[in-house]
Amino acid sequence: MAEMNMLHAINSALRIAMEKDSTMTVFGEDVGHFGGVFRATSGLQDTFGRARCFNTPLTEQGIAGFANGLASNGMTVVAEIQFADYIFPAFDQIVNESAKFRYRSGNEFNVGGLTFRTPYGGGIAGGHYHSQSPEAYFTGTPGLKVVVPRNAYQAKGLLLASIRDPNPVVFFEPKRLYRASVGEVPEGDYEIELGKAEVLQQGKDITLLGWGAQMEILEKAAEMAAAEGISCEVIDLRTLSPWDVDTVAESVKKTGRLLINHEAPLTGGFAGEIAATIQEECFLYLESPIARVCGLDTPYPLIHEKEYMPDALKTFEAIKACVAF
Amino acid sequence: MSNATTNSETVHRVAFLDRESLAIPVLKILQADGTTFEQAVLPQIDEALANRIHDACVFTRVLDERMLGAQRQGRISFYMTCTGEEAAIVGSVAALDDNDIILAQYREHAALRYRGFSTEQFMNQMFSNEKDLGKGRQMPIHYGCAALNYQTISSPLGTQIPQATGVGYSLKLKGQRNVAVCYFGEGAASEGDFHAGLNMAAVLKSPVIFFCRNNGYAISTPTEEQFAGNGIASRGVGYGMHTIRVDGNDMLAVLAATQQARAYAVENNAPVLIEAMTYRLGAHSSSDDPSGYRSKEEEAKWREHDPVKRFKLWLINKGWMTEAEDVALYEKYREEVLAAVKVAEKVPAPLLEEIIEDVYDKPTPLLQKQLDALKEHVKKYPQSYPKTSGRL
């Protein structure tokens, strides 16, 4: 084990995957010699050469299409989109091509070896083009897996699993934790199974569900609630598509209450999908309406970022309201 | 015959073209010592215009120096400089009519200054205070001003390029004798939007000046990893567009090229591409350290081509300015910028209500409900939301 921040953990995962799979390439804007604007790909070009780790021209549409082409011919591909806010020029290639390659061709062709990595989320004073959480646009697309790690350990294990998963994966990295999240991470190879949620904390009064950078918000809110005698069960979804309905439903059947937290706007956010499903699965067990603590239905603002964020205080208030319902 | 590409001569043995097949000259007028080339045809310029150009350059250089310092001190969160590219930006904007509509990328604040954006307005935007025209929604340097025909900057690269084609076409439909002017870097020219925008402008005959600042780097990526063709100018020709390449550090060359480009665009309702060969002397942004990808020697070499200094020497040679006046101008702006910082950082943030404004023309019932809940929450925990709680 070693102390690593999330960027080191991601770098370590990429390095291990490239060592073990000679068909793997890593590319994107500034990822070559510079190592990416956040340095996630530092040193990979030095080790594996410019043919396997390289800068692309500045075109997200081109990066995604090129990645599809490589993967469709059997290569393992990790393509970086510099910020998730800039994934939209690549949207057509990802949602219409990556996601449907296998289905539309009767599996004559597929792009299973493809992973898109991209930093997402706010809390870094980035204004609305460096802060968005666009995961729900992708969870609405059959054929893609969507993964969001919450710390360094997860980032490495989930990224290795994503790279080796035989389906295209969009891997959202919580950029505000890149350097802030430091923890014990095995130096060797390991994977964390996709599609499985993790119960971080057992509780009996309410289930708190989230992913990525919001997990520390939920843990903090759970602490505040505990001080008032409320026992929270805290679950990290980790994979949003396909998501682990069983773990969440089992927890809600026990606690009788569910609160979902995400940074993306409330309307059309992934919390809505979870709430509908859990309502079906757990209708007779629910003791209060399922609560959503999310971003506002506005673009992500700069100066009002603190007000916009679904923070621990707002979550704490919502927990109390659920329990008192 | 409908295929316009068939007007070629025929040959009878295989002969490919490559990047060198298209020889593209570089327009240069001003020499390093401030004199002009002997054969050079000068742009239309008088003392007043020359001084207005110089003034915008000096202001911008001072602003860059001071605001980078302010970012280092944590007073603003982010900054991007124009340093090294002043001639490309001011030389081009100075050739325009004030009613020509500018769609910039993010490094063209010198053009906004030239148009008359005040020091106070720059500061209000960078400090995201309640006087910011953009209402504190975007990061520092994302300026915009309808009164000055300068559309607000959007971070995603290249999106303004096809938009400029639409703006130009609207000017044509309205019968205005004006153009849209679209700035972008050679990196942004790799985006799909670049192809879409230029192709549509050429086919639909939209009066747009596409102005590429070819400054050598897109963050850390040098031009040789950005494109393999003959720069960006070759593409203008490929799209069937009037095209010119200029020395982007030569104020007079940029001014001359843009004056003629504008006249052509207005007269013919057609686009023009200008590729200005320049160099980004500063970092990509305050979040970046260029020592990780380029040498000090390379930067030093380009400092010898400093566009502001070269133009200043020309002004002095013309007898339109003295060295002492130049020094005094820098001093004046240093004081002005510092004073403006002190004022702007004390102006309060926009009111909490602003958070739901401008999502639509008026807030929807759901947004209003979200604001009401947020206000109650902020009132309950005022110390946790200090920017807005004091003025609920």
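The paragraphs below set out a description of the structure included in this document.

Let us look at the pattern of salt bridges. All names here are of chain A. Counting across every chain of the model gives 44 salt bridges over all chains. Here Arg-117 makes a salt bridge to Glu-80, at a shortest N to O gap of 2.8 Å. Here the residue Arg-117 occupies a position in strand 5 (residues 114-120), and Glu-80 occupies one in strand 4 (residues 76-80), the gap between them amounting to 37 residues. Each member of the pair, Arg-117 as well as Glu-80, is classed as buried. Several salt bridges share partner residues, and in doing so they unite Lys-20, Arg-164, Asp-189 and Glu-191 into one network.

So, about a negative patch on the surface. Residues and elements named next belong to chain A. Residues Asp-246, Glu-250, Glu-273, Glu-280 and Glu-281 make up a contiguous surface patch of negative charge. Among the secondary structure elements, those contributing two or more residues to the negative patch are helix 9 (245-255) and helix 10 (270-282). Residue position: Glu-280 is located in helix 10. Residue classification places Glu-280 among the exposed residues on the basis of a relative accessible area of 64%.

As a further point, take the packing of aromatic side chains. All names here are of chain B. Scanning the model with the defined rule gives 30 aromatic pairs over all chains in all. Centre to centre, the rings of Phe-194 and Tyr-239 are 6.4 Å apart; their planes meet at 70°, and the pair counts as edge-to-face. Residue Phe-194 is located in helix 6 (residues 192-204), and its partner Tyr-239 is located in the loop between helix 7 (233-238) and strand 8 (242-247); the two are separated by 45 residues in the primary sequence. Where Phe-311 meets Trp-314, the ring centres are 5.6 Å apart and the plane angle is 25°; that geometry is what we call stacked. Here Trp-314 and Phe-311 lie together in helix 10 (residues 307-318), a separation of three residues that amounts to about one turn. Overall, Phe-311 belongs to the buried group, its relative accessible area being 1%.

In this section: the interface of chain A and chain B. A common way to state how big an interface is: give the accessible area lost once the parts meet. The interface of chain A with chain B comprises 40 residues on the first partner and 48 residues on the second. When chain A packs against chain B, close to 3500 Å² is buried across both sides, 61% of that on carbon and sulfur atoms. On the chain A side of the contact with chain B, Leu-58, Ile-303 and Glu-307 of chain A bury the most area, a combined 19% of that side's loss. One can count two salt bridges joining chain A with chain B. Put simply, chain A and chain B have 17 residue pairs in polar contact (both at pLDDT 80 or more) between them. Listed by contribution, the elements that provide at least two residues to the side of chain A that touches chain B are helix 3 (60-72), helix 11 (305-308) and helix 12 (312-323) of chain A. Sorting elements by how many residues they give to the side of chain A that touches chain B places helix 12 of chain A first, with five residues.

This paragraph deals with the sheet that holds strand 3 (residues 53-55) of chain A. Residues and elements named next belong to chain A. If you walk across this open sheet you meet the seven strands as 3-2-4-5-7-6-12, and the pairing is mixed. Whereas interior strands pair on both sides, the edge strands pair on one side only; in this sheet they are strand 3 and strand 12 (239-241). For this sheet, the mean inter-axis angle between neighbouring strands, taken without regard to orientation, is 20°. One ladder, built from three bridges, connects strand 6 (residues 145-147) with strand 7 (residues 169-174); its direction is parallel. Residue Val-147 lies in a different strand from strand 7, and its bridge partner there is Phe-171. Docked against the sheet, helix 1 (residues 6-20) engages strand 2 (24-28), strand 3, strand 4, strand 5 and strand 7, running at close to 140° with respect to strand 2.

Looking now at the environment of Ile-316 of chain B. Residue and element names in this part refer to chain B. Tracing the backbone through its elements, the reader meets Ile-316 in helix 10. Of the residues examined, Ile-316 reaches a relative accessible area of 27% and is grouped as partly exposed. Distance from Ile-316 to Arg-280, taken between C-alpha atoms, is 26 Å for residues 36 residues apart in sequence.

Definitions and limits used
- Residues numbered from 1 in each chain as written.
- Chains lettered and ligands numbered in written order.
- Predicted model: local features only at pLDDT ≥ 70, side-chain atom pairs only at ≥ 80, totals over all residues.
- Heavy atoms only, no water.
- Salt bridge = Lys/Arg side-chain N within 4 Å of Asp/Glu carboxyl O.
- Helix = DSSP H or I, 4+ residues; strand = E, 2+ residues; numbered from the N terminus.
- Buried < 20%, exposed > 50% of the residue type's maximum accessible area, 1.4 Å probe, protein only.
- Patch = residues over 30% accessible without salt bridge, like charges linked within 9 Å, V, L, I, M, F, W, Y side chains within 5 Å.
- Areas by Shrake-Rupley, 256 points an atom, 1.4 Å probe, with all protein chains shown as cover.
- Lys, Arg positive; Asp, Glu negative; His and termini not counted.
- Charge placed at Lys NZ, Arg CZ, Asp CG, Glu CD.
- Phe/Tyr/Trp six-rings, centres within 6.5 Å; stacked < 30°, edge-to-face > 60°.
- Contact = heavy atoms within 4.5 Å.
- Buried area = accessible area lost by both parts, 1.4 Å probe.
- Polar contact = N/O pair within 3.5 Å; in protein donor to acceptor, adjacent residues only side chain to side chain.
- Pairing = 2+ DSSP bridges.
- Axes fitted to C-alpha atoms, helices over the stretch in contact; angles between N-to-C directions.

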